[in-house]
Every structure is written in structure tokens, then in C-alpha cells.
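What follows is each chain in one-letter form.
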Amino acid sequence: MLIKIGNSYLDFNDSIEIEKQIKLFEDMETTDGDFSYQFTAPLTANNINLLQNPFPDNSSKTVYEKTDCSILDDEGNQLYFGSLRIERITDEFELSFFG
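Just so we're clear, the structure is a prediction, and the values are computed from it rather than from any experiment.

A. Structural context of the pairing of strand E9 (residues 78–89). In terms of strand pairing, strand E8 (residues 66–72) meets E9 through 7 bridges, oriented antiparallel. Residue pairing in the sheet places Lys66 in a bridge with Arg85 of E9. Where E8 folds back onto E9 in an antiparallel hairpin, the turn is made up of 5 residues, including Gly76, whose phi is positive at roughly 95 degrees. Here E9 runs beside strand E10 (residues 92–98); their pairing, made up of 6 bridges, is antiparallel. Residue Ile86 lies in a different strand from E10, and its bridge partner there is Leu95. The loop that links E9 with its antiparallel partner E10 comprises 2 residues.

Structural data, given as C-alpha cells:
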């Protein structure tokens, strides 16, 4: 899977398990609230830049900001559009996706 932010791609080489939430049982095409389980991405200069330097600093910037993104298959076809949320930063980014 690929994660596209703007016109660039996150350094990420794994799959993401996304749960599709059905809003109305009568209309299976209507969904709301798709989400992923937590996944990791490396702490690279590219990812730091794409996630807009998410580290807390002395201007009280929150770590848990959301970043608009697209989830693409390996051929570049968009599967989902939504946002990434940084859950935690250790020696890598721990992220979740929300559609």
C-alpha cells in the first residue's frame, strides 16, 4: 500500500488493515467512519516533512494533529481518502487512518 500526502508519498512499505463502518444497513454504499488499526512508519526526514514536523515545541504545537492523505493500492489506485493521526512518536511514527 502507498500513503499519499499532497503530491508526495510517505516512506511506508507495509499493509494497513482498514475497517469499513456501515452507516445505514439498508444502503450498503453509505459508509461513515472508516478507520485503521494502528500501524508504524519510519522516522525519516521525508516523513517528518510530510507530517509537518509533528514534534511538540515551545509554541505548544500538539502532536496529535491530523494530516489529509489518500491510501492507494500498489498500482496507485485510490482506495480511501481521509486523514492520518499521529498516535505516538518513539523511534518510529505510530499512526492511525480515519476515512
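After that view of the structure, there is still more to cover.
B. Fine view of the side chain of Glu94. In this structure, Glu94 sits in strand E10. A distance of 2.8 Å separates polar atoms of two side chains, one belonging to Glu94 and the other to Gln38. Ignoring anything within four residues of it in the chain, the contact list for Glu94 reads Gln38, Phe39, Thr40, Arg85, Ile86, Glu87 and Arg88.

C. Structural view of the packing of aromatic side chains. Counting across every chain of the model gives 3 aromatic pairs. Seen from their ring centres, Phe12 and Phe39 are 5.4 Å apart, and the 65 degrees between their planes marks the pair as edge-to-face. Pair noted here: Phe12 is in the loop between strand E2 (8–9) and strand E3 (18–19) and Phe39 is in strand E7 (residues 39–42), with a separation of 27 residues, a long-range link. Look at Phe12 and you get buried, because its relative accessible area is 11%. The positively charged end of Lys66 is found above the aromatic ring belonging to Phe98, 5.4 Å away from the centroid.

Cut-offs and rules
Residues numbered from 1 in each chain as written. Predicted model: local features only at pLDDT ≥ 70, side-chain atom pairs only at ≥ 80, totals over all residues. Heavy atoms only, no water. Pairing = 2+ DSSP bridges. Helix = DSSP H or I, 4+ residues; strand = E, 2+ residues; numbered from the N terminus. Polar contact = N/O pair within 3.5 Å; in protein donor to acceptor, adjacent residues only side chain to side chain. Contact = heavy atoms within 4.5 Å. Phe/Tyr/Trp six-rings, centres within 6.5 Å; stacked < 30°, edge-to-face > 60°. Buried < 20%, exposed > 50% of the residue type's maximum accessible area, 1.4 Å probe, protein only. Lys NZ or Arg CZ within 6 Å of the ring centre and 35° of its normal.

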